[in-house]
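What follows is each chain in one-letter form.
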Amino acid sequence: MEVDYPEDFRCPISKEVMKDPVTVSTGLTYERKNIEKWFFNYKKSTCPATMQCLHSFDLTPNHTLKRLIQNWQINNNKTNPDSQSCSSSPQPSINHDEMVSLLRAIESSPFKVTPLKKLRSVLGDWSSTLTIMDFIGSGGIEVLVKIVIQVLVDFDGFRACEEALGILHRLPLQSEEDKMFDQLSKPECIKAVTLMLQRGSADARLYAIAIFQKLAKANLISNWLLKDQGIDFFKSLLELVSDEICSKASSCALEVLIEILGSSKKSRLKAIEAGAICLLLELLLDSNRFKCEKILLLIKLLCEIAEGRLALVEHGLGIAAVTKKLLHVSNAATKLAVKILWLICNFNPTEKVVEEMMICGSVKNLLALMHIDGRSSTKGRVMKMFKLHGNSWKRYPCFPVELNEYLGLEK
């Protein structure tokens, strides 16, 4: 069983146990590679956990914490892993009176972070259905949503908002009729979660995108987003998609973009203006199978409108990047890549595009798909592309002569 490390041993950015802990000027400690990426790759000038502006980017090695982590690992390995895991992570338990008392303290106290932390700790991972029902019945969701909305008035309360989101994002939802959906889908709450997505700490952004993922799947935010959200919202989503430190945040952001872009063409225009095509193409080149399929789906959705196709064609690696994923990834990736190339061939058939498809290997890979047995929508699109542009491609010596008659091309 996996060992449950103390929370202080984990990097606030990645939530992984630190190997090379370093301290920033705010006094907080991070894994060196994560905080360096935050400063120098993402060009941030704030502390990820507190969002305080930093005037110095000096990193001080935290040798004391590093020794503590190493000693804890040595001592822990001497014990039975199973018994250690069981003893270090007991199942949380909370009675009704304690829950109500904490909720009242959160409502009445001006210092909400401490009781919120305690509530989050005792609620744990929501493994008990009775605890969930008791929390909802005690008005817990309403209390937390009020705290979330308060950040619109006073952003200094973002720490309390972060703790509230940390509880809400883990709450399992059974149906769209859940009380949590009713509360979180309110315009004021959506605005507050959006604010945390754009300006919150690394943890807050993860909680915010996880909540958006739940709401997007329930189709409860798309229409509102189309009306009131600007380009900055999509820039924040794209920044999370490219997050190499927190894969969970990146995965959630991909899912949210797919749900939103799939529901409206207006949202696609905003995403394109935010630079979606350029970023997705760059991520596509080194993506694994899971991420590749989702990125290709997003590119396909964007290429269904003229602005998206133009952005892909004008990108220096647009056609080449899609071609690279045409074969040897998965059937789903092949179908999506063919759809993208078909959209480009059909609606943007400039001489430059047709020539680029030959030069970067698109035609060669499409020819390989001609050998698919039987009929399929993918093979049908390939056939249409060759009938449209075969007369241009056949001028190249690598084009098979026997295809002229098969495709009915001019001799």
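Our subject is the structure that appears above.
These notes cover the structure that comes with them. (Residues numbered from 1 in each chain as written. Predicted model: local features only at pLDDT ≥ 70, side-chain atom pairs only at ≥ 80, totals over all residues. Heavy atoms only, no water.)

Brief notes about the packing of helix α22 (residues 362-369) against helix α23 (residues 377-393)
Consideration 1: Where α22 contacts α23, the axes come no closer than 10 Å and their chain directions differ by 135 degrees. With respect to α23, the axis of α22 lies oblique. Crossing of α22 against α23: the hand is left-handed. Across the interface between the two elements, Val363, Leu366, Leu367 and Leu369 of α22 pack against Lys379, Val382, Met385, Phe386 and Trp393 of α23.
Consideration 2: Considered class by class, the residues forming the contact of α22 with α23 number eight nonpolar, no polar and one charged. (Axes fitted to C-alpha atoms, helices over the stretch in contact; angles between N-to-C directions. Helix = DSSP H or I, 4+ residues; strand = E, 2+ residues; numbered from the N terminus. Parallel < 35°, antiparallel > 145°, perpendicular 65-115°, else oblique. Left-handed = near helix turned anticlockwise from the far one by under 90°. Contact = heavy atoms within 4.5 Å. Nonpolar A, V, L, I, M, F, W, Y, C, P; charged D, E, K, R; others polar.)

Regarding the packing of aromatic side chains
Consideration 1: Taken as a whole and judged by the stated rule, the model has five aromatic pairs.
Consideration 2: Seen in terms of ring centroids, phenylalanine 39 and phenylalanine 57 are 4.9 Å apart; in terms of plane orientation they differ by 65 degrees. Their pairing is edge-to-face. On the criterion of sequence distance, the pair formed by phenylalanine 39 in helix α1 (residues 32-41) and phenylalanine 57 in the loop between α1 and β3 (60-61) is long-range, its members being 18 residues apart.
Consideration 3: Taking the relative accessible area as the measure of exposure, phenylalanine 39 reaches 4% and is therefore buried.
Consideration 4: For phenylalanine 57, a relative accessible area of 35% translates into the label partly exposed. (Phe/Tyr/Trp six-rings, centres within 6.5 Å; stacked < 30°, edge-to-face > 60°. Buried < 20%, exposed > 50% of the residue type's maximum accessible area, 1.4 Å probe, protein only.)

Thoughts on helix α4 (residues 96-108)
Consideration 1: The end-to-end C-alpha separation of α4 is 18 Å, in line with the 18 Å expected for 13 residues at 1.5 Å each.
Consideration 2: Those residues of α4 that fall on the buried side of the exposure criterion are Met99, Val100, Leu102, Leu103 and Ile106. With its buried residues spanning 160 degrees around the axis, α4 presents them on a single face. Counted as exposed and oriented over 90 degrees from the buried face of α4: Asp97, Arg104 and Ser108. (Expected span 1.5 Å × (residues − 1). Arc of directions from axis to C-beta.)

Notes on the packing of helix α7 (residues 140-150) against helix α8 (residues 158-168)
Consideration 1: The interhelical angle for the contact between α7 and α8, taken along N-to-C directions, is 140 degrees, at an axis separation of 8 Å. Accordingly, the angle class assigned to the pair α7 and α8 is oblique. Regarding α7 and α8, the two cross each other, and that crossing is left-handed. Residues Leu144, Val145, Ile147 and Val148 of α7 lie in contact with α8, whose contacting residues are Ala160, Cys161, Ala164, Leu165, Ile167 and Leu168.
Consideration 2: Its residues assigned to classes, the contact of α7 with α8 comprises 10 nonpolar, no polar and no charged.

Quick word on the side chain of asparagine 62
Consideration 1: Its location among the elements puts asparagine 62 in the loop between β3 and α2 (63-77).
Consideration 2: Among the polar contacts made by the side chain of asparagine 62, one reaches the side chain of threonine 29 at a distance of 3.1 Å.
Consideration 3: Aside from chain neighbours lying at most four places away, what touches asparagine 62 is Pro21, Val22, Thr23 and Thr29. (Polar contact = N/O pair within 3.5 Å; in protein donor to acceptor, adjacent residues only side chain to side chain.)

Notes on the pattern of salt bridges
Consideration 1: Throughout the structure, instances matching the rule amount to 14 salt bridges.
Consideration 2: The closest approach of N and O atoms between lysine 15 and glutamate 7, which form a salt bridge, is 3.6 Å.
Consideration 3: Residue class for lysine 15 comes out partly exposed when judged on its relative accessible area of 30%.
Consideration 4: Between aspartate 20 and arginine 32 there is a salt bridge, and its shortest N-O distance comes to 2.8 Å. Linking aspartate 20 in the segment before β1 (21-23) with arginine 32 in helix α1, this pair joins segments that are 12 residues apart in sequence.
Consideration 5: Through salt bridges with shared partners, one network takes in Lys117, Arg120, Arg159, Glu162 and Glu163. (Salt bridge = Lys/Arg side-chain N within 4 Å of Asp/Glu carboxyl O.)

Quick word on the layout of surface pockets
Consideration 1: Roughly 240 Å³ of internal volume is contained in the second largest pocket.
Consideration 2: Listing elements by their share of the lining of the second largest pocket, those giving two or more residues are α4 and α7.
Consideration 3: Sort the elements by how many residues they give to the lining of the second largest pocket and α7 lands first, with four residues.
Consideration 4: When its residues are assigned to classes, the lining of the second largest pocket shows eight nonpolar, two polar and four charged. (1 Å grid on protein atoms, 1.4 Å probe; cavity = no way out; pocket = protein on both sides within 12 Å on 5 of 7 lines; lining within 4 Å. Points joined across faces, edges and corners; volume = space filled by probe spheres on them.)

What to know about the nonpolar core
Consideration 1: If you look at the biggest cluster of nonpolar residues, it comprises 109 residues, and the most contacted ones within it are Ile209, Leu312, Met357 and Leu366.
Consideration 2: Two domains each donate at least three residues to this core, and these are domain 2 (96-274) and domain 3 (282-410).
Consideration 3: Those residues in contact with leucine 312 that lie beyond four places of it in its chain are Ile277, Leu281, Ile299, Cys303, Gly318, Ile319, Val322, Ile340 and Ile344.
Consideration 4: If you look at the next biggest cluster of nonpolar residues, it comprises 16 residues, including Met18, Tyr30, Ile35 and Trp38. (Core = buried A, V, L, I, M, F, W, Y, C linked by side-chain atoms within 4.5 Å. Domains from an automatic or database assignment.)

Looking at the sheet that holds β1
Consideration 1: Pairing is antiparallel across the open sheet formed by three strands, whose spatial order is β2-β1-β3. Of all the strands in the sheet, just β2 (29-31) and β3 have a single pairing partner and so form its edges.
Consideration 2: Here three bridges tie β1 to β2, and the two strands are oriented antiparallel to one another. Among the inter-strand pairings, proline 21 is bridged to a residue of β2, identified as glutamate 31.
Consideration 3: Strands in contact with α1 are β1, β2 and β3; relative to β2, the strand with the most contacts, it is inclined by about 95 degrees. (Pairing = 2+ DSSP bridges.)

Observations concerning helix α15 (residues 265-273)
Consideration 1: Within α15 the residues assigned to the buried category are Ser267, Arg268, Lys270, Ala271 and Ile272.
Consideration 2: A side-chain oxygen of the first residue of α15 lies 3.1 Å from the backbone nitrogen of lysine 266; this N-cap is serine 264.
Consideration 3: Taken from the residues just after α15, glycine 275 is the one with a positive phi, measuring 95 degrees.

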